[in-house]
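# Observations on the three-dimensional arrangement
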Amino acid sequence: MARPFDLIPPKLIRQGPPPDEARKELILFHGAWRGIWAWQGLAGPLSSAGYGLNMLELPGHGLEESWPLPRFTSLKDYADYAARAAGALHRPVLIGHSMGGWIVQKLLEVTDLPSVLLAPLPGSGLPFKGLLHFVATHPTQAFWNLMGRSMSFEDDERELGEPWRVTMEMGLGLVRANPRKGLCPRLVVAGDQDPLIPPEALLRLADRLGAGYELLSGYSHLLWQENDPGPVAELLLDFLAELS
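Below you will find a few notes about this structure. (Residues numbered from 1 in each chain as written. Predicted model: local features only at pLDDT ≥ 70, side-chain atom pairs only at ≥ 80, totals over all residues. Heavy atoms only, no water.)

## Some points on the overall build of the protein chain
To keep it simple, the criterion reads: Strands here mean DSSP runs of E at least two residues long; helices mean DSSP runs of H or I at least four residues long; both are numbered from the N terminus. Three labels apply to residues, based on accessible area from a 1.4 Å probe with only protein chains included: buried if under 20% of the type maximum, exposed if over 50%, partly exposed otherwise in between. In this description, contact between two residues means that some pair of their heavy atoms is separated by no more than 4.5 Å.
Along the backbone of the protein chain there are eight helices and nine strands. Dimensions of the protein chain, computed from the C-alpha atoms along their principal axes, are close to 50 × 40 × 35 Å. Evaluated residue by residue, the protein chain yields a buried proportion of 53% over its 244 residues. Partitioning the intrachain contacts of the protein chain with sequence separation of at least 6 by distance along the chain shows that 71% fall at a separation of at least 24.

Next up, the structure:
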């Protein structure tokens, strides 16, 4: 049975030097209710340091061509789309935030690549404390989502929704990522003020992945998007420098 994105070529927006001049190729996976604009604050320092950024725009998450996705779109559809994008590059470094970090974990089930997971959704779904916080903070959206509707949020410039099945899978862990330990370096970055993904959950994830772990004091779930991007950029640049 065909899935929603089977016939859609992965959309990668590139920034930085051309591939034959880049120090390394990076592929970046944004989180839920986000798009490639979420990488503002990090894209500049990374590309200026000589890295080739390939920012994947998930279907329905663009500024100019967003559209309501089918309600039965799954996290696995996102992961399959991401796998096709990563497969078009030569051994890229995987970088994912939040839901994008879950996608990285899903890719690590079948490949071993250097990876950075920024406040990632654990492979087993949203921790119970995070789920309670989310429902308490967004009770109306959560109620209608339970009734089978997609969940949408607005900011100053755009409205984006995540399909019903995706939000249920994220919240309840209905589709899981079970990454394997590997030989390539990995890093998990957490914020100590993250109400959705408690730091202790990400410390356990780092242990399961055999990854390094960094806890940023005063940082929320959105990390550089709500706080100074400098420390996050420094962690990424230090990690990438060790790969050379």
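## Considering helix 6 (residues 164–172)
When helix 6 is considered as a whole, its buried residues turn out to be V166, T167, M168, E169, M170 and G171. Lining the buried residues of helix 6 we find helix 2 (75–87), helix 3 (99–107), helix 4 (128–137), helix 5 (139–146), strand 6 (151–154) and strand 7 (159–162). Looking one or two residues past helix 6, G173 carries a phi angle of roughly 65°, positive in sign.

## Topic: unusual backbone geometry
Look at S98: it is not a glycine, yet its phi comes out positive at around 55°. For S98, the location among the structural elements is in the loop between strand 4 (93–97) and helix 3. On the basis of relative accessible area, S98 is assigned to the buried category, the value being 13%. A positive phi angle, close to 50°, is found at L223, a residue other than glycine.

## Details of the pairing of strand 7
Two faces, one strand: in a regular strand the side chains alternate between the faces of the sheet. Quick note on the threshold: Each pair of strands is called paired provided DSSP finds at least two bridges between the two strands.
On strand 7, burial follows the alternation: L160 and E162 on one face are buried, whereas E159 and G161 on the facing-out side are not. Bridge count for strand 6 against strand 7 is four bridges, and the pairing is antiparallel. Paired with E154 across the two strands is E159, which belongs to strand 7.

## A few points about the packing of helix 2 against helix 3
We count it as follows: The convention used is that axes are lines fitted to C-alpha atoms, helices contributing only their stretch in contact, and that angles between N-to-C directions extend from 0 to 180 degrees. Roughly parallel means an angle under 35 degrees; roughly antiparallel means over 145; roughly perpendicular covers 65 to 115; every other angle is labelled oblique. Each crossing gets its hand from how the near helix is turned against the far one by less than a right angle, where anticlockwise is left-handed and clockwise is right-handed. In this classification, the charged set is Asp, Glu, Lys and Arg, the nonpolar set is Ala, Val, Leu, Ile, Met, Phe, Trp, Tyr, Cys and Pro, and all remaining amino acids, among them Gly, are polar.
The N-to-C vectors of helix 2 and helix 3 enclose an angle of 70°; their axes lie 9 Å apart at closest approach. The angle between helix 2 and helix 3 places the two elements in the roughly perpendicular class. When the axes of helix 2 and helix 3 are compared, the crossing they make is right-handed. From helix 2, L75, Y78, A79, A82, A83 and A86 reach across to helix 3, where they touch M99, W102, I103, K106 and L107. Of the residues assigned to the contact of helix 2 with helix 3, the class counts are ten nonpolar, no polar and one charged.

## Observations concerning the packing of aromatic side chains
For clarity, the threshold we go by: Centre distance within 6.5 Å is the pairing criterion for rings of Phe, Tyr and Trp, where only the six-membered ring of Trp is used; planes under 30 degrees apart are then read as stacked, over 60 as edge-to-face, and the remainder as tilted.
A complete count under the given rule lists five aromatic pairs for this structure. Taken together, a centroid distance of 6.0 Å and an interplanar angle of 5° make the contact between F5 and Y78 stacked. Linking F5 in the segment before strand 1 (11–15) with Y78 in helix 2, this pair joins segments that are 73 residues apart in sequence. Judged by relative accessible area, which is 3%, F5 ranks as buried.

## Remarks on the pattern of salt bridges
Keep this limit in mind: One side-chain nitrogen of Lys or Arg within 4 Å of one carboxyl oxygen of Asp or Glu is enough to make a salt bridge.
In total, this model carries eight salt bridges according to the counting rule given. The salt bridge involving E200 is made with K129; its shortest N-O contact spans 3.2 Å. Here the residue E200 occupies a position in helix 7 (residues 199–209), and K129 occupies one in helix 4, the gap between them amounting to 71 residues. On the accessibility criterion, E200 (37% relative accessible area) is partly exposed.

## Concerning the sheet that holds strand 5 (residues 115–118)
Strand order in the open sheet formed by seven strands is 1-3-2-4-5-8-9, and the pairing between neighbours is mixed. Edge positions in the sheet fall to strand 1 and strand 9 (212–216), since each of these pairs with one other strand and no more. Sheet twist, expressed as the mean angle between neighbouring strand axes with direction ignored, is 20°. As defined by bridge partners, strand 5 adjoins strand 8 (residues 186–191) across four bridges and the pair is classed as parallel. Among the inter-strand pairings, V116 is bridged to a residue of strand 8, identified as L187. Contacting strand 1, strand 2 (25–29) and strand 3 (52–57), helix 2 runs over the sheet at an angle of about 155° to strand 3. Most of the contacts of helix 7 go to strand 8, to which it runs at about 175°, and overall it touches strand 5, strand 8 and strand 9.

## Here we look at the side chain of H221
Filter applied, for reference: Pairs of N or O atoms are called polar contacts if they sit within 3.5 Å, as long as, within protein, a hydrogen donor faces a hydrogen acceptor (for residues adjacent in sequence, only side-chain-to-side-chain pairs).
Tracing the sequence through the fold places H221 in the loop between strand 9 and helix 8 (230–243). A polar contact of 2.8 Å, which involves the side chain of H221, links it to the side chain of S98. Among the polar contacts made by the side chain of H221, one reaches the side chain of D194 at a distance of 2.8 Å. The contact partners of H221, leaving out residues within four places of it in the chain, are H97, S98, A119, D194, L196 and I197.

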